[in-house]
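# Tertiary structure, described
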Amino acid sequence: MKRIGLAMLWIGTSHGAVTTGADLEQAERNYQQLCQQCHGVNRIGGAGPALLPQSLGRIKPGEIRQVIENGRPASQMAAFGTLLEPAQIDALALYLQRPPNWNEEAIRQSHRVLVDGATLPDQPQHRADPLNLFVVVEAGNHHVAVVDGDRFEVLARFASHFAVHGGPKFSPDGRFVYLASRDGWISLYDLHNLKLIAEVRAGLNTRNLAVSKDGRWVLVGNSLPGNLAVLDARDLSLVKTIATLGSDGQASRVSAVYTAAPRNSFIVALKDVNEVWELSTGPNPDFVPRRIEVQDHLDDFSFSPDYRQLLATSRKAQGGQVIDLDSGQVVSDISLPGMPHLGSGTYWKRDGRWVFATPNISKGLVSVIDINTWKVIRQIPTLGPGFFLRSHANSRYAWTDVFFAAGNDAIHLIDKQTLEIAHTLRPMPGKTAAHVEFTHDGRYLLLSIWDTDGALIVYDSNTLKEIKRLPMNKPSGKYNVGNKIEFAEGTSH
Ligand code: DHE
């Protein structure tokens with residue numbers, strides 16, 4: 001192996017000498033050139049493990065240096081001792097033990113306004129019904145498609161940042177959509193003009209985002225650094241960051257952020273401290289959190305239809321708990337086996353009473369809960385653990401997958417009244433079928449086939465006949481504008 005660009009890389013320190021700021025800057029460049037491909041752009045891991053202080057804490061500094069120099073036997077980790085000088089290895093080992101820096105200045109510098117939104121027409125510049133558009137995340141090649149929900153044609157398609165995850169969120173009128181990528185980039189797209197308006201990197205590793213009831217603010221929940229970023233929804237400019245520190249000062253990552261429209265607030269779940277935060281989004285908000293103490297860290301949760309209660313689970317807990325958001329008190333414990341995925345759960349009316357159903361990511365069942373009594377009224381066995389569950393007020397069925405099982409090409413249709421599996425479809429045998437979203441009127445639905453040679457399949461939601469197939473590269477989530485801005489029954493919030 002040759003020493004790469006040594007004259008340019010070498011900063012002039014000798015092995016054992018003090019590592020300077022310039023050495024660390026060079027170490028960062030070396031990281032990007034040599035390590036990033038396996039360990040991730042932000043050191044958050046990829047094919048190789050994350051290289052962050054949190055994940056390296058148990059390893060002695062000398063051992064970190066030794067692994068860089070000699071590699072790790074019986075692993076993919078190569079030796080860089082012949083490629084880097086000893087002092088460069090020192091600097092790289094030190095660099096990996098420091099937290100990545102992403103402060104307000106870095107966020108502001110990353111901000112790009114691509115088009116001045118005020119100069120664009122405020123009426124749709126296309127023929128499609130603006131409330132029946134779908135925003136579709138094409139995960140296989142990091143693109144986003146805008147699909148006409150009447151003609152089932154792609155109206156526009158644009159490149160996204162790396163790994164858009166979670167639900168895009170919309171402005172209250174449905175004109176703008178906000179997307180969050182796992183690598184911290186937030187994008188603002190105008191669905192009337194089919195144009196990307198602005199982008200900002202709000203963090204290094206982002207969980208998700210929420211848009212306030214009045215459409216003025218975007219709240220971004222980050223894992224790295226552990227904080228919240230408040231953005232101006234008009235152009236994504238940074239308003240402020242809020243470090244997510246528990247009342248005892250302990251730093252926490254964010255699990256998720258949501259808008260609770262009836263409460264005119266944001267709800268924030270924290271991953272490492274036993275607190276849920278509520279941030280008012282009323283007039284002139286100060287974004288100072290109201291802290292609600294909870295029994296466990298919240299990894300996954302959903303709301304009651306009136307947003308007065310939080311139905312929460314923790315991966316460590318033995319089930320679920322219902323938390324009253326006004327009093328902060330736990331109202332009820334719910335015995336739920338396995339690992340219910342409450343965030344993907346959905347509500348519907350059965351015999352005039354609200355029920356809530358949740359898939360389970362470790363057991364092959366869907367649990368149905370009566371939300372007046374908070375009792376589990378049915379455990380519906382499925383072919384395997386599933387991820388998503390979706391319905392619509394006008395649909396007789398709730399659609400769920402078996403994402404984590406060998407037979408994940410199957411999709412179950414649960415009859416919402418009998419609570420039995422009425423149909424099991426296999427749309428493309430051998431290929432994972434998961435995640436459904438209905439058209440605004442509920443007459444049709446779009447289903448994803450998560451494969452490089454995948455597709456969006458359009459079904460008639462009553463006859464279950466296939467209407468159309470749009471080839472796509474691993475389409476993941478898809479989101480109907482009308483359903484989303486109305487917080488419609490059956491879809492995710
Ligand atoms: Fe997701 C939504 C968390 C792994 C695809 N996922 C969400 C949301 C959260 C979450 C908090 C709600 C966001 C919102 O509404 O704004 N997801 C997590 C995890 O903690 C988990 C288990 C581990 C992780 O890596 O973060 C996880 N999720 C995945 C995947 O592996 C999936 C299948 C592929 C991917 O894209 O990474 C995946 N998650 C999705 C999708 C949604 C989602 C498609 C949106 C669902 C919706 O209909 O709204």
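## Remarks on the site of the ligand
Around the ligand sit 19 residues in total, of which His 165, Lys 169, Arg 390, His 435 and Ser 492 are the nearest. Within the side chain of Lys 169, one N or O atom sits 2.7 Å away from an oxygen atom of the ligand. Contact distances for the ligand include 2.9 Å between an oxygen atom and a side-chain N or O atom of Asn 208. When residues of the shell around the ligand are traced back to their parent elements, those giving at least two are β9 (205-211), β13 (254-260) and β33 (475-480). It is β13 that contributes the most residues to the shell around the ligand, three residues altogether. Within the shell around the ligand, the residues separate by chemical class into seven nonpolar, eight polar and four charged.

## Quick notes on helix α5 (residues 86-96)
An α-helical turn contains 3.6 residues, so a residue and the one three or four places further along point in the same direction. Burial within α5 is extensive, with nine of its eleven residues counted as buried. Looking at α5, one finds that the buried residues are Ala 87, Gln 88, Ile 89, Asp 90, Ala 91, Leu 92, Ala 93, Tyr 95 and Leu 96.

## Quick word on the state of the cysteines
Here the structure, examined in full by the defined rule, presents zero disulfides. The thiol of Cys 35 is not disulfide-bonded; the next cysteine sulfur, from Cys 38, is found 8.8 Å away.

## Focus: the packing of aromatic side chains
Counted by the stated rule, this structure contains 18 aromatic pairs. Aromatic pair Phe 158 and Tyr 189: ring centres 4.1 Å apart, planes at 10°, arrangement stacked. Of this pair, Phe 158 sits in strand β4 (residues 153-159) while Tyr 189 sits in strand β7 (residues 185-190), placing them 31 residues apart in sequence. There is no split in this pair, since Phe 158 and Tyr 189 are both buried.

## Some remarks on the coordination of the iron atom of the ligand
Donation to the iron atom of the ligand from the protein comes from one atom only, His 165 (NE2), at 2.1 Å. Mapped onto the elements of the fold, His 165 is located in the loop between β4 and β5 (169-170).

## A word on unusual backbone geometry
A cis geometry characterises the amide bond from Leu 224 onward to Pro 225, with omega recorded as -10°. Assignment of secondary structure puts Pro 225 in the loop between β10 (217-224) and β11 (227-232). Positive phi is not limited to glycine here, since Leu 236 has a value of about 70°. Topologically, Leu 236 is positioned in the loop between β11 and β12 (238-243). For Leu 236, a relative accessible area of 0% puts it in the buried group. Of note, Leu 464 is a non-glycine position whose phi angle comes to about 65°, a positive value. One can find Leu 464 in the loop between β31 (454-460) and β32 (466-472).

## As for the domain arrangement of the protein chain
Entries for the protein chain in the domain assignment read domain 1 (11-96) and domain 2 (108-485). Computed over C-alpha atoms only, the centres of domain 1 and domain 2 are separated by 37 Å. Counting residues at the interface gives four residues for domain 1, matched by five residues for domain 2. Counting each side, the surface lost to burial between domain 1 and domain 2 is near 330 Å², with a carbon and sulfur contribution of 58%.

Procedures and definitions
Residues numbered from 1 in each chain as written. Predicted model: local features only at pLDDT ≥ 70, side-chain atom pairs only at ≥ 80, totals over all residues. Heavy atoms only, no water. Near = heavy atom within 4 Å. Polar contact = N/O pair within 3.5 Å; in protein donor to acceptor, adjacent residues only side chain to side chain. Helix = DSSP H or I, 4+ residues; strand = E, 2+ residues; numbered from the N terminus. Nonpolar A, V, L, I, M, F, W, Y, C, P; charged D, E, K, R; others polar. Buried < 20%, exposed > 50% of the residue type's maximum accessible area, 1.4 Å probe, protein only. Disulfide = S-S within 2.5 Å. Phe/Tyr/Trp six-rings, centres within 6.5 Å; stacked < 30°, edge-to-face > 60°. Donors = N, O, S within 2.8 Å, 3.2 Å for Na, K, Ca; no water. Domains from an automatic or database assignment. Contact = heavy atoms within 4.5 Å. Buried area = accessible area lost by both parts, 1.4 Å probe.

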